[in-house]
Amino acid sequence: MLTWLYNKGRISSRRSENSKMASYTLIGIFLLCCTVLVTAVSRDNFKSCDQSSFCRRCRKVEPGKTPYELLSSTVSYNQTTLSADLFNKDTGIVYILKLTALRDNTFRLHINEKAPLHARYEVELALQAEPQVSKIDSIEKSEESITVKSGPNKAVLSVKPFKVDLYSQDELVISANARGLMRFEHIRTKPEPKQEPEQDGAEKVEEPKPEVESEHPGDGADSDPGAWEENFKSHHDSKPLGPEAIALDFSFPGAENVYGIPEHADSLALKSTKSKDPYRLYNLDVFEYELNEGMSLYGAVPVLYAHGKEKTSGIFWHNAAETWVDILSTADNNVVESIVNFVSGSKKPQVAAHFMSESGVIDVFFLLGPKPLDAFRQYTLLTGTAPLPQTFALGYHQSRWNYNDQDDVQQIADSFDRYDMPMDVMWLDIEYTDGKKYFTWDARKFPNPVEMIHNLTSKGRKLVVIIDPHIKRDDGYNVHTDATNMGLYVKNKDGKDYEGWCWPGSSSYLDLFDPKVREYYMTRYDFNNFQGTTKDVYIWNDMNEPSVFNGPEITMPKDVIHYGGWEHRDVHNAYGLMQTVATYEALMRRSERSLRPFILTRSHFAGSQRYAAVWTGDNMAEWDHLKASFPMCLSLAISGISFCGADVGGFFKNPDAELFVRWNQAGAWLPFFRQHSHIETKRREPWTFNDEVTQIVREALRLRYSYLPLWYTLFREHEVNGTPVLRPIWAHYPTEVEAFGIDEELLVGDSILVRPVFEPGVTDVTVYLPGEGKVSWYDIDTMQQHGQQSTLTVPVTLHKIPVYQRSGSIVPRKMRIRRSTVAMKNDPYTLVVIADNNGKATGTLYIDDEVSFEYRNGKYLYLRLSLVGNNLSSKILDKVASYETKSCLERVDIVNPPKGIKSAHLTSKNLGKVALETKYNPHNNVLVVRKPSVNMGEEWTIELLN
Ligand SMILES: *[C@@H]1O[C@H](CO)[C@@H](O)[C@H](O)[C@H]1NC(C)=O
Ligand SMILES: *[C@@H]1O[C@H](CO)[C@@H](O)[C@H](O)[C@H]1NC(C)=O
Ligand SMILES: *[C@@H]1O[C@H](CO)[C@@H](O)[C@H](O)[C@H]1NC(C)=O
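Quick caveat: nothing in here was measured; it's all calculated off a predicted structure.

Rules of the game
- Residues numbered from 1 in each chain as written.
- Chains lettered and ligands numbered in written order.
- Predicted model: local features only at pLDDT ≥ 70, side-chain atom pairs only at ≥ 80, totals over all residues.
- Heavy atoms only, no water.
- Domains from an automatic or database assignment.
- Contact = heavy atoms within 4.5 Å.
- Buried area = accessible area lost by both parts, 1.4 Å probe.
- Salt bridge = Lys/Arg side-chain N within 4 Å of Asp/Glu carboxyl O.
- Polar contact = N/O pair within 3.5 Å; in protein donor to acceptor, adjacent residues only side chain to side chain.
- Helix = DSSP H or I, 4+ residues; strand = E, 2+ residues; numbered from the N terminus.
- Axes fitted to C-alpha atoms, helices over the stretch in contact; angles between N-to-C directions.
- Parallel < 35°, antiparallel > 145°, perpendicular 65-115°, else oblique.
- Nonpolar A, V, L, I, M, F, W, Y, C, P; charged D, E, K, R; others polar.
- Pairing = 2+ DSSP bridges.
- Near = heavy atom within 4 Å.
- Areas by Shrake-Rupley, 256 points an atom, 1.4 Å probe, with all protein chains shown as cover.
- Core = buried A, V, L, I, M, F, W, Y, C linked by side-chain atoms within 4.5 Å.
- Buried < 20%, exposed > 50% of the residue type's maximum accessible area, 1.4 Å probe, protein only.
- Phe/Tyr/Trp six-rings, centres within 6.5 Å; stacked < 30°, edge-to-face > 60°.
- Lys NZ or Arg CZ within 6 Å of the ring centre and 35° of its normal.

Participant: Hey, could you run me through the domain arrangement of the protein in this one?
Facilitator: Frequently, the measure chosen for interface size is the accessible area removed from exposure when the parts meet. Split into domains, the protein comes out as domain 1 (55–186 + 243–383), domain 2 (391–468 + 520–542 + 570–715) and domain 3 (729–945). Computed over C-alpha atoms, the centres of domain 1 and domain 2 are 36 Å apart. Contacts between the two partners involve 44 residues from domain 1, matched on the other side by 35 residues from domain 2. With both chains or domains summed, domain 1 and domain 2 bury close to 3100 Å², and 61% of this area falls on carbon and sulfur atoms. In this structure, Asp285 engages Arg602 in a salt bridge whose closest nitrogen and oxygen atoms are separated by 3.4 Å. At the boundary of domain 1 with domain 2, the tally comes to 19 residue pairs in polar contact (both at pLDDT 80 or more). Those elements that place two or more of their residues in the side of domain 1 that touches domain 2 are strand 14 (257–260), strand 16 (299–300), strand 17 (303–307) and helix 7 (372–383).

Structure below.
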């Protein structure tokens, strides 16, 4: 009843449950009051920096007064690592610093207490492996500094005051502690409780001075009332270990902007936080999140890139605790003036960042570029890339909270066939379970799940079901009884199983940091434990921040205890990662390691790309949310997580027809393409609006499927090289300053530029086409040429968003659209070739069995396609690999072809020399080569003849 009233009073929401639990008392106010309160309440659930004692302490550090000094006499080194003691003259605490040279223009700086009272947490499983080291070429010591050279780079450690300058090819690109904001709160014993001054006493009693003046003034944490315990709303954090924050500042001379540190619903280029809260990284289930905000969202990837016309660099802050990041931009004139003085005395533009974490150690990787794609690769060399997905995962996904029952699922799937729309995956949200007990089915709504699944797979489709990490505390539920008996739950501070509130009501949470617990969790996915599923069922891990409706900030209290005795405080941002680690391995096992897993996760951290795709959570059916999906996915893509999408249509609220159309047109160009919506929204399958919408969305879905060979090739290249599948314009046009702040466009690979329509009722949009006139961009429908001017106004109709293919590129497509990707596997390819001004074009194509891991045994084809003069050819790039494909080449479109072509012939080993038909269309300047019909596994050349 309360829920109903609550929902009626505002946008009904899934996450209203959160607020419901936390704020029953506020409901009355909601109902009486206006909607202005709604956002206020949501925001109130989450801390500002001011409400977090460690953030206050770190942010208060004054620039230019660092107490840290290197003790030069302690410097030692070997072939890869320099070690030295670092001393804090304010506290007398000694730290050990290690600087290690890593492969591919990367350094690692690690600082920990030399003799901590107890161990400090070091992050696990974000790195894909122990990073590979590189050789230090030389070390030079002087009074003032120590210079460590490795390859084209060097690190210069200043002794007093302490800072570290990183040079890429003799140019200073990153300076750590240049502003002197470093803070490393040592572990300490709790001071004896002092007598509380009386609340209402007239005079405060002066505290007795310590008898002996300490040699060191301290770091100020002891006198912070929030250092040893802290309250937020009705929640108490007992903080038994006291203050243990760490912080460090980074300046980036020559950089115009910084990017990264997802997840935030904000612009791709990070904004100055000079007069607002820092960006926050603390995985949270934020109900109805707001845009243009540095507030936390579901995920945290602490990698940041600095980019300027000349150089790109980055830092990876390897820490899983709550983290805040202040940004100073070039626009902050005074501040920048002072950074300039600290760093180099030059007047270059520069940006600075200040990372502040609640606990852990300072462990930071410097990615020295020098180009954007180099820095992105350097990050993925540390944290890994996404394994190639099965092709179905790149198709279209249809989801809703919830498809009611098995008939509903069947009818929706059938309707896609009826309306001639491709669709690969049906999804089931929490209502499929028996009372939100995961790994079970509601037998009333889904009496025959296996038959339902077979009905889907008989059409080449799959099913994805949700599995959340909270476990219903129900004595009749075997997962709960096992977890209780075997001690698998996260413990509260008193050592009992922690209990929170989530979908099932009273819930506990598996301690997924414990390898033994992950092992148990994996067995839950076995076919005999998760009955009613088959190998064609894949998994959605949601609510894994973790979401706890009655917890502080809707998550777990920081003083609950995990495996190894670590507090939740230390590990929070990696909880969701741990769930996907277990789920991934479980899916591997249940297919006997033969099928590539597919997992979607909401919470994510550095390294999540190795296990799961990510979506941007519970967005809204609003134009600005559609627009935000582009910079949000771009930010994730450059932070290692290419497999990103946003709920098409918006999760909360009902999109109108126009928004729905535009969302499908844009969503077709994000790697993960799924429609999803809230339980109380109207049905919105693509045919539920009107005929025109049905037709336009059909076109959008079909367009997506026609580009699957490109998507698939890009995912393979990402897996191998770490290149993001989606890229900001500046990734390929690093000197074009106009592109540094563009949020409305993205590149798919390096060949396709997409500029969706993000506003209602518009008849044209502004497009920035990079390349400074040296590159042309061709409308993918009309093949009309653009790019002589960098900014143009392009007319749009409801039927179309601007999408361009670059001159000099070759894009593989499949033009016979069928009901699912599986059905298209053996279909022939079409190549779209756009010759540049020199008559050249290149592209790649990757082909394999689309489902298994056989490609890792060399069962694949990786082709280099190129046009040079009159010759178009396909060459096998990885000669050691081979794959017998049934697909052949069906057609080639050559835009801007050589003049006067009358015919062509194809030469290949198996076919010999074959005459081909060509047709030139002077209106769009496209030469079509028909039916080459050569198998894609062969090398071939098509010679165009005058
Ligand atoms: C160099 O020193 C570091 C840090 O002390 C150590 O971890 C590493 O194993 C050493 N490497 C070699 C080659 O001795
Ligand atoms: C499976 O498909 C058949 C044939 O269309 C249908 O009769 C049956 O009800 C379907 N079963 C389920 C569980 O959806
Ligand atoms: C094109 O191919 C033909 C036949 O293989 C060859 O003779 C010619 O040199 C090639 N032209 C170019 C520009 O590579």
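So that's the structure; there's more coming.
Participant: How should the packing of helix 16 (residues 691–706) against helix 17 (residues 708–721) be read in this particular structure?
Facilitator: Between two packed helices, what matters for the description is the angle formed by their axes and the separation of those axes. The contact between helix 16 and helix 17 brings their axes to 5 Å, and the two run at 50°. Taken together, the axes of helix 16 and helix 17 are oblique relative to one another. Listed contacts from helix 17 to Arg704, Tyr705 and Ser706 of helix 16 are Leu708, Pro709 and Trp711. Looking at the contact of helix 16 with helix 17 residue by residue, the classes come out as four nonpolar, one polar and one charged.

Participant: What's the story with the sheet that holds strand 27 (residues 505–509) in this structure? I'm lost.
Facilitator: Pairing between the strands of a sheet comes from backbone hydrogen bonds, and it takes one of two forms, parallel or antiparallel. Strand order in the open sheet formed by three strands is 25-27-26, and the pairing between neighbours is antiparallel. Strand pairing shows two members of the sheet lacking a second neighbour, strand 25 (470–472) and strand 26 (500–502), which therefore form its edges. Averaged over all pairs of adjacent strands, the angle between strand axes in this sheet comes to 60°, irrespective of strand direction. As judged from the three bridges shared by strand 26 and strand 27, these two strands associate in the antiparallel manner. Residue pairing across strands places Gly500 opposite Ser507, the latter belonging to strand 27.

Participant: I'm lost on the site of ligand 1 in this one. Help?
Facilitator: Neighbouring ligand 1 are Asn78, Thr81 and Lys98. In the environment of ligand 1, an oxygen atom lies 2.4 Å from a nitrogen or oxygen atom belonging to the side chain of Asn78. Here ligand 1 has 360 Å² of accessible area as a free molecule, and 41% of this is covered by the chains.

Participant: It is not clear to me how the nonpolar core should be interpreted in this structure. Could you clarify?
Facilitator: Generally speaking, a soluble globular protein has its nonpolar side chains buried in company with each other. Formed by 192 residues in total, the largest nonpolar core has its most connected members in Leu428, Leu463, Phe598, Trp669, Val748 and Ile752. Ranked by the residues each element gives to this core, the list is headed by helix 14 (residues 623–638), at ten residues. Among all residues touching Leu428, those that are not within four sequence positions of it are Asn402, Tyr403, Val409, Trp441, Phe446, Met452, Leu463, Val464, Val465, Ile466 and Trp540. Counting 53 residues, the second-largest nonpolar core is a separate cluster that includes Met182, Ile246, Leu248 and Val351.

Participant: Looking at this structure, how should I read the packing of helix 15 (residues 657–667) against helix 16?
Facilitator: Running from amino to carboxyl end, helix 15 crosses helix 16 at an angle of 10°, the nearest separation of the two axes being 9 Å. The angle between helix 15 and helix 16 places the two elements in the roughly parallel class. For the pair helix 15 and helix 16, the contacting residues are Ala657, Phe660, Val661, Asn664, Gln665 and Gly667 in the first and Val693, Ile696, Val697, Ala700, Leu701 and Arg704 in the second. Broken down by class, the residue content of the contact of helix 15 with helix 16 amounts to eight nonpolar, three polar and one charged.

Participant: Looking at this model, I keep getting lost on the pattern of salt bridges. Mind explaining?
Facilitator: Any two side chains of opposite charge can pair, so long as their charged atoms come close to each other. In this structure the tally under the stated criterion is 68 salt bridges. A salt bridge links Arg57 to Asp224; the shortest N-O distance between them is 3.0 Å. Highlighted residues: Arg57 in helix 5 (residues 53–59) and Asp224 in the loop between strand 10 (183–184) and strand 11 (230–232), separated in sequence by 167 residues. Accessibility expressed as a relative area gives 4% for Arg57, which makes it buried. Where Lys437 meets Asp474, a salt bridge forms, and the shortest distance between an N and an O atom there is 3.7 Å. Of the two residues, Lys437 is situated in the loop between strand 23 (425–428) and helix 9 (449–457) and Asp474 in the loop between strand 25 and helix 10 (478–486); the sequence distance between them amounts to 37 residues. A residue is classified by how much of its surface remains accessible, and Lys437, at 12% relative accessible area, is buried. Residues joined by salt bridges that share partners form a network here, namely Asp237, Arg280, Glu322, Glu358, Glu553, Lys558, Glu567 and Arg569.

Participant: Looking at this model, I keep getting lost on the packing of aromatic side chains. Mind explaining?
Facilitator: The relation between two aromatic rings is expressed through the spacing of the ring centres and the mutual angle of the planes. Across all of its chains, the model carries 49 aromatic pairs by this definition. Centre to centre, the rings of Tyr521 and Tyr525 are 5.6 Å apart; their planes meet at 85°, and the pair counts as edge-to-face. When its relative accessible area of 0% is taken as the criterion, Tyr521 is described as buried. Stacked on the ring of Trp427, the Lys or Arg Arg674 has its end atom at 4.6 Å from the ring centre.

Participant: Whenever I open this one, the environment of Leu577 confuses me. Can you help?
Facilitator: Within the secondary structure, Leu577 is located in helix 13 (residues 575–590). Residue classification places Leu577 among the buried positions, given a relative accessible area of 0%.

Participant: Would you mind going over unusual backbone geometry with me for this structure?
Facilitator: Note the cis peptide between Pro262 and Glu263, where omega equals 20°. Tracing the sequence through the fold places Glu263 in the loop between strand 14 and strand 15 (279–281). A cis geometry characterises the amide bond from Trp401 onward to Asn402, with omega recorded as 15°. Of note, Asn402 is situated in the loop between strand 22 (396–398) and helix 8 (406–418). Backbone geometry places Asp420, a non-glycine residue, at a positive phi of 60°. By the secondary structure assignment, Asp420 is in the loop between helix 8 and strand 23.

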